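Tertiary structure, described
So the chains spell out like this:
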Amino acid sequence: DVGSIARQVYLNVVIRPSRAAAAEAWRAVVATHAPLPEESALHAGGMPAEVAADVRPWLDAGVDEIVAVFRSPWDLATIERLPEVRGALSLDRS
C-alpha cells in the first residue's frame, strides 16, 4: 500500500539571526566537510520562522518527516532552536 510508505527528506538546515548569517555558517560547513555537489545546498536557513517557511513546501508535497542533517562539530545553535521551527510549523497548520 503506497499510503503506508513513510516519506522522509534529509535537509541541510542552519538557524541564525538572518539568512545571510545562516549562509555564512553553512559555507564554513561546506569548506570543512566538502559534501558532494548534490549534498551541498543549504535548504533552509535563517530565523526559525524562515526555516519553517523553507521546509513547508516539502510537507505540503506529502513528506512525513524532515530530517535535519548535522555534521561535526554539531551546530548547537541550530539544534537548540529546532523546537521553535516545529512550533511554527504546528501553528502554520492550525
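Higher on the page you've got the structure.
Residues numbered from 1 in each chain as written. Predicted model: local features only at pLDDT ≥ 70, side-chain atom pairs only at ≥ 80, totals over all residues. Heavy atoms only, no water.

All chains considered together, the criterion is met by 5 salt bridges. As a salt-bridge pair, Asp60 and Arg56 come within 3.4 Å of each other at their nearest N and O atoms. Here Arg56 and Asp60 lie together in helix α2 (residues 48-60), a separation of 4 residues that amounts to about one turn. Note that Glu84 and Arg81 form a salt bridge whose closest N and O atoms lie 2.8 Å from each other. Here Arg81 and Glu84 lie together in helix α3 (residues 76-93), a separation of 3 residues that amounts to about one turn. The class for Glu84 is partly exposed, based on a relative accessible area of 39%. (Salt bridge = Lys/Arg side-chain N within 4 Å of Asp/Glu carboxyl O. Helix = DSSP H or I, 4+ residues; strand = E, 2+ residues; numbered from the N terminus. Buried < 20%, exposed > 50% of the residue type's maximum accessible area, 1.4 Å probe, protein only.)

This paragraph deals with the nonpolar core. Val9, Leu11, Val13, Ile15, Ala44, Val51, Ala52, Val55, Leu59, Val63, Val85 and Leu89 together form the largest nonpolar core, which totals 12 residues. Sorting the residues of this core by element identifies β1 (8-15), α2 and α3 as the ones contributing at least two each. The contacts of Val55, once residues within four sequence positions are left out, are Leu11, Ala44, Ile66 and Leu89. (Core = buried A, V, L, I, M, F, W, Y, C linked by side-chain atoms within 4.5 Å. Contact = heavy atoms within 4.5 Å.)

Now for the layout of surface pockets. Taken as a whole, the largest pocket spans an internal volume of roughly 300 Å³. Only α2, β3 (65-69) and α3 provide two or more residues apiece to the lining of the largest pocket. If you tally residues by element for the lining of the largest pocket, the top one is α3, at 6 residues. Here the lining of the largest pocket is built from residues that sort into 9 nonpolar, 1 polar and 4 charged. For the second largest pocket, the calculated volume is near 230 Å³. Forming the boundary of the second largest pocket are 16 residues, of which Ala25, Val29, Arg71, Pro73 and Asp75 lie nearest the centre. For the lining of the second largest pocket, the secondary structure elements donating two or more residues are β1 and α1 (19-33). Of all the elements, α1 adds the most residues to the lining of the second largest pocket, at 6 residues. For the lining of the second largest pocket, the residue count by class is 10 nonpolar, 3 polar and 3 charged. (1 Å grid on protein atoms, 1.4 Å probe; cavity = no way out; pocket = protein on both sides within 12 Å on 5 of 7 lines; lining within 4 Å. Points joined across faces, edges and corners; volume = space filled by probe spheres on them. Nonpolar A, V, L, I, M, F, W, Y, C, P; charged D, E, K, R; others polar.)

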